[in-house]
Amino acid sequence: MKLIIIFLSTLMVTLSLLTRSDTPMDFIEMANDSGYPVGEYDVVTQDGYILKLFHIPGDKSKPVLLMHGVIDSADTFVLRKKRSLAIALANAGYDVWIGNNRGNKYSRRHQYLDPNTDREFWDYSFHEFGYYDLPAIIDFVLDNTGAKSLSAIGHSQGNSIFLVLGATRPEYNERIRVLVSLSPICYLNNLKNTASQVLKLLPAITRFLSIIGQEEIFSEDTVFARVFRYICGSKKSYSFCTNEILFRLAGSDPEELEVDFYPSVIAHYPTGTSNKNAIHLSQVGARRTFAEFDYGYRNLDIYNTTVSPEYDLSKVTMKIALLAGLNDELSTIKDVTLLRNKLPNVVEYSVVNHKKFNHIDAVWGRNMHVYLFPIIFDILSKHG
Ligand SMILES: *[C@@H]1O[C@H](CO)[C@@H](O)[C@H](O)[C@H]1NC(C)=O
Ligand SMILES: *[C@@H]1O[C@H](CO)[C@@H](O)[C@H](O)[C@H]1NC(C)=O
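Please read these numbers as outputs of a predicted model, since none were measured by experiment.

Visitor: Just checking my understanding: could you explain the overall build of the chain for this structure?
Guide: The number of helices and strands found in the chain is 15 helices and 10 strands. Radius of gyration (C-alpha) of the chain: 20 Å, near the 21 Å computed for a compact globule of 384 residues. For the chain, the spread of C-alpha atoms along the principal axes amounts to about 60 × 55 × 40 Å. Burial statistics for the chain: of 384 residues in total, 57% are counted as buried. Once local pairs closer than 6 in sequence are excluded, the contacts in the chain between residues at least 24 apart make up 76%. Carbon and sulfur atoms form 54% of the exposed surface of the chain, whose accessible area is close to 16,400 Å².

This is the structure:
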């Protein structure tokens, strides 16, 4: 153990000396590049986090909120420039809002906690994304537009958080016209090989990081992100980093993530989250239940039960359309089917008609405007 700590500390020092490459374009620059002006707002949650919310103005009677997945940000919805989901929605006249969860690069702020020095800042998981971040963001959008409800589109963990919202704050169900759930994550019972191994390793990795005082993972300045960008940042590494890392986790679809586009993915992904979020996800997999954070012996104090309570999915009464892929190694058809059977109001369950549709094609796929967007627009016009 000591040896490992010494080795990793040396590695960290070495890596901290590596300079970062040029700063990639941010959300506003990418949207501007695609021809749209962007509004930006600071939304403050009930517990003091300051979240960045982007807005591409359109018809205020048709607000759509986009929520990114794990270790991701709003960037993901404009990364494909004119072929991105946010831009396609704006082209179709929707009033498009793009959120950022607490702790990612755009929402690394709090009214009185300092993310660089206060460990407490990082004391959150996807539970807080659903319980605090979403209500603040949704109320802000409804206030701004004067609409009574909005449509939502989530990618990956960007769906789990709506399930938490609907289960823990049921009054929000009626403020969602429909949730379009892309690559939905809820149960993690049937992850494929690599993804399942990584999930099992997460508790050990995060414990180590906690010991060395690091409660934030994957953000621009952490050792993981530096190693990842150092190794995978250029086109030369495409084959190794996609085949050995990205596709092993998400499912392989090289034609949809071509080598020319690949560097812009690595420039924007991953971005930071908390150790605790990674631990919570690994608990969902290990316990095979979609439950609140497991505090061990502290559960009794916190929940008045020895095990943390399951989220009550029967309370998630908002309309939900589930869109999954046969080649998705993270949200597998088996797990999405489990979810469908627990939810009371699934209005559609589609397997996307692109044979290699994996976990990331829904946000970065080269031709998602062909095999995915028509389904999304259809659901929005039927239920939105
Ligand atoms: C994009 O940015 C340029 C330079 O700041 C500005 O002149 C232009 O109006 C912007 N375009 C849009 C669509 O906002
Ligand atoms: C805690 O749980 C016990 C047993 O279920 C119950 O009797 C008690 O009222 C609960 N206490 C609180 C504060 O909810």
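Visitor: Which parts of the structure should I look at to understand the packing of helix H4 (residues 126-145) against helix H5 (residues 157-168)?
Guide: To characterise two packed helices, one gives the angle between the axes of the helices and the distance between these axes. Contact geometry for H4 and H5: axes closest at 8 Å, N-to-C directions at 80 degrees. Relative to H5, H4 is oriented roughly perpendicular. Of the residues in H5, those in contact with Phe126, His127, Phe129, Gly130, Tyr131, Leu134, Pro135 and Ile138 of H4 are Gln157, Ile161, Phe162, Val164, Leu165 and Thr168. Of the residues assigned to the contact of H4 with H5, the class counts are 10 nonpolar, four polar and no charged.

Visitor: What am I meant to see in the site of ligand 1 here?
Guide: Taken together, the residues surrounding ligand 1 are Asn32, Gly35, Tyr36 and Pro37. In the model, an oxygen atom of ligand 1 is placed 2.3 Å from a nitrogen or oxygen of the Asn32 side chain. Along the lines of polarity and charge, the residues of the shell around ligand 1 split into two nonpolar, two polar and no charged.

Visitor: Help me understand the side chain of Asn173, please; the structure alone is not making it clear to me.
Guide: Positionally, Asn173 belongs in the loop between H5 and strand S6 (176-182). In this structure the side chain of Asn173 is engaged in a polar contact, spanning 3.0 Å, whose partner is the backbone oxygen of Pro170. Ignoring anything within four residues of it in the chain, the contact list for Asn173 reads Gly166, Lys315, Val316, Thr317 and Met318.

Visitor: Would you explain the sheet that holds S6 in this entry?
Guide: Two modes of strand pairing occur in sheets, parallel and antiparallel, and in both the strands are linked by backbone hydrogen bonds. Across the sheet, eight strands lie side by side as S1-S2-S4-S3-S5-S6-S9-S10; this open sheet has mixed pairing. This sheet does not close on itself; its edge strands, each paired only once, are strand S1 (39-44) and strand S10 (346-351). Neighbour to neighbour, the strand axes of the sheet diverge by 20 degrees on average, direction disregarded. Where S1 lies against strand S2 (residues 50-56), six bridges are found, and the strand directions are antiparallel. When the bridges of S2 are listed, Asp42 appears paired with Lys52. Against the sheet, H4 touches S1, S2, strand S3 (59-67), strand S4 (94-98), strand S5 (150-155) and S6, its axis set at about 165 degrees to S3. Most of the contacts of helix H15 (residues 373-383) go to S6, to which it runs at about 165 degrees, and overall it touches S3, S4, S5, S6, strand S9 (320-324) and S10.

Visitor: Sorry, what's going on with the packing of aromatic side chains here?
Guide: Taken as a whole and assessed by the stated rule, the structure comprises 19 aromatic pairs. Aromatic pair Tyr41 and Trp97: ring centres 5.8 Å apart, planes at 35 degrees, arrangement tilted. Note that Tyr41 is positioned in strand S1 and Trp97 in strand S4, a separation of 56 residues in sequence. Taking relative accessible area as the criterion, Tyr41 reaches 28% and is therefore assigned partly exposed.

Visitor: Can you help me understand the pairing of S4 in this one?
Guide: Consecutive side chains along a regular strand alternate between the two faces of the sheet. Most of S4 is tucked away, with five of its five residues classed as buried. Of the two faces of S4, the one lined by Tyr94, Val96 and Ile98 and the one lined by Asp95 and Trp97 are each fully buried. This β-α-β element, S3 to helix H3 (residues 85-91) to S4, shows right-handed connectivity.

Visitor: Is there a simple way to think about the side chain of His280 in this case?
Guide: Among the structural elements, His280 can be located in helix H10 (residues 275-287). Look at His280 and you get buried, because its relative accessible area is 0%. If we ignore the near neighbours within four places in the chain, the residues touching His280 are Ser125, Phe126, His127, Ala291, Glu292, Phe293 and Tyr311.

Visitor: Teacher, can you tell me more about a nonpolar patch on the surface here?
Guide: A contiguous nonpolar surface patch, about 360 Å² in accessible area, is contributed by Tyr230, Ile231 and Phe240. Here Ile231 is to be found in helix H7 (residues 223-232). Judged by relative accessible area, Ile231 falls into the partly exposed class, the value being 43%.

Visitor: Is there a simple way to explain the pattern of salt bridges in this structure?
Guide: Between side chains of opposite charge, a pair can form as their charged atoms come close. Taken as a whole, this structure holds 17 salt bridges when the rule is applied. The partner of Arg102 in a salt bridge is Asp47, with the nearest N and O atoms 2.9 Å apart. Remark: Asp47 occurs in the loop between S1 and S2 and Arg102 occurs in the loop between S4 and H4; sequence separation between them is 55 residues. On the accessibility criterion, Arg102 (1% relative accessible area) is buried. Relative accessible area serves as the criterion here: at 22%, Asp47 is assigned to the partly exposed category. A salt bridge links Asp75 to Lys105; the nearest nitrogen and oxygen atoms lie 2.7 Å apart. Of the two residues, Asp75 is situated in the loop between S3 and H3 and Lys105 in the loop between S4 and H4; the sequence distance between them amounts to 30 residues.

Rules behind the numbers
- For every chain, the first residue of its written sequence is number 1, and the numbers climb from 1 along that sequence.
- Chains carry letters from A onward and ligands carry numbers from 1 onward, assigned in written order.
- The predicted nature of this model means local features are confined to residues of pLDDT at least 70 and side-chain atom pairs, given and counted, to a pLDDT of 80 or more, with totals for whole chains, interfaces and linings taken over all residues.
- Hydrogens and waters are ignored; side-chain quantities use all the structure's heavy atoms.
- The helix and strand labels rest on DSSP assignments: H or I over at least four residues marks a helix, E over at least two residues marks a strand, and numbering proceeds from the N terminus.
- Throughout, radius of gyration means the C-alpha value; the globule benchmark is 2.2 Å times the number of residues raised to the power 0.38.
- For every residue, the accessible area obtained with a 1.4 Å probe (protein chains only) is divided by the maximum for its type, and the residue is called buried under 20%, exposed over 50%, and partly exposed between those limits.
- Any two residues whose heavy atoms approach within 4.5 Å at even a single point are treated as in contact.
- Under the convention used here, a 1.4 Å probe and the Shrake-Rupley method define accessible areas, while residue burial counts only the protein chains that appear.
- Under this scheme, a helix contributes an axis fitted over its contacting stretch, all axes are lines through C-alpha atoms, and angles between N-to-C directions fall in the 0 to 180 degree range.
- Geometric relationships in this document are graded by angle, where less than 35 degrees denotes roughly parallel, more than 145 denotes roughly antiparallel, 65 to 115 denotes roughly perpendicular, and other angles denote oblique.
- Polar here means any residue outside two lists: the nonpolar Ala, Val, Leu, Ile, Met, Phe, Trp, Tyr, Cys and Pro, and the charged Asp, Glu, Lys and Arg; Gly therefore counts as polar.
- Summary of the distance rule: residues count as near a molecule or strand when at least one heavy atom falls within 4 Å of that molecule or strand.
- By the criterion applied in these results, polar contacts are pairs of N or O atoms within 3.5 Å in which, for protein atoms, one can donate a hydrogen and the other can accept it, and in which residues neighboring in sequence qualify only through two side-chain atoms.
- In short, DSSP must find at least two bridges between two strands for them to pair.
- Pairing of aromatic side chains requires ring centres within 6.5 Å, counting the rings of Phe and Tyr and the six-membered ring of Trp. Pairs whose planes differ by under 30 degrees are stacked, by over 60 edge-to-face, and all others tilted.
- Clockwise travel from the first strand over the helix to the second, with the strands pointing away from the viewer, marks a crossover as right-handed.
- Here, patches come from residues exposed beyond 30% relative accessible area and free of salt bridges, joined within 9 Å for like charges and within 5 Å for nonpolar side chains (Val, Leu, Ile, Met, Phe, Trp, Tyr).
- Whenever Lys or Arg places a side-chain nitrogen within 4 Å of a carboxyl oxygen from Asp or Glu, that contact is recorded as a salt bridge.

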